[in-house]
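Coordinate analysis (summary)
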Amino acid sequence: MNLLRPTTKRALVVYAHPDPASFTAAARDRAIAALEGRGAEVEMIDLYAEGFDPSLTADEHRHHLDAERTETSATGGPDSVMVRHGELLRWCDTLVIVYPTWWSAQPAILKGWFDRVWTDGVAWDLPHGANRIRPLLRNVRRIVVITAHGSGRLTNLVEGRVGKRTVGRGLRAMCHPLARTQWRACYDMDRNSPAERERFLRRLDRL
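What this report covers is the structure whose coordinates are included nearby. Keep in mind that this is a model prediction, so the values were computed, not measured.

Quick look at the environment of N192
Mapped onto the elements, N192 comes out in the loop between β7 (180-186) and α8 (194-206). Taking relative accessible area as the criterion, N192 reaches 12% and is therefore assigned buried. Between the C-alpha atom of N192 and that of G152, which follows or precedes it by 40 residues, the distance is 9.8 Å. Each residue touching N192, except ones within four places of it in the same chain, is listed here: C186, Y187 and R197. In this structure the side chain of N192 is engaged in a polar contact, spanning 2.7 Å, whose partner is the side chain of R197.

Have a look at this one:
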């Protein structure tokens, strides 16, 4: 990764699925191929493959508003994983999040990534004396979510689209004020056909 070299697009793909042979993995691969085919520089974070720990520790919570807060590893030194993930967030202009929807929202490992990486000094800060946080990820101008649901569209509408609100109302607020969000969901995974799944993947090429 070259943090200084200018490119047309700098895309960070964050992927969360434990099965490398899953449909979600196929969607990830299709998205990366489409981005690279259009000249984008792409970096990927594979949370399961990296063994990312989603648990916010008591120490992290205790110091989450410290002005000089620095992520530390279990050995007491800087946590290189957290530092790298924060650098990638500050580097990209396009964020692509690929995951299965479980219990109406993101998998726990991805939610934990939000908790531990979208932190003070990376995604936002709280100036001294202020009572509202200030967004820091002004570099991010586009968020794309690619997800799959076992249930149908109507069921997800009734459930309240929790995952969609987390991204559209939470993460987006930390990004550029004109950032666009795009949501692409493959519904009825428990019942749809291989042909329907392939049509969804082809639509990712155009997206």
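What follows picks up the thread again.
With respect to the pairing of strand β6 (residues 142-148)
The side chains of a regular strand alternate, residue by residue, between the two faces of the sheet. For β6, a buried count of 7 out of 7 residues is recorded, marking the element as mostly surrounded by other parts of the structure. Burial along β6 is two-sided: the residues R142, V144, I146 and A148 and I143, V145 and T147 are all buried. Two elements, strand β3 (residues 94-100) and β6, share 7 bridges in a ladder whose sense is parallel. By the bridge assignment for β6, T94 is matched with R142. Where β6 and β7 come together, 7 bridges link them in parallel fashion. The partner of R142 across the bridge, within β7, is R180.

About the thresholds
Residues numbered from 1 in each chain as written. Predicted model: local features only at pLDDT ≥ 70, side-chain atom pairs only at ≥ 80, totals over all residues. Heavy atoms only, no water. Helix = DSSP H or I, 4+ residues; strand = E, 2+ residues; numbered from the N terminus. Buried < 20%, exposed > 50% of the residue type's maximum accessible area, 1.4 Å probe, protein only. Contact = heavy atoms within 4.5 Å. Polar contact = N/O pair within 3.5 Å; in protein donor to acceptor, adjacent residues only side chain to side chain. Pairing = 2+ DSSP bridges.

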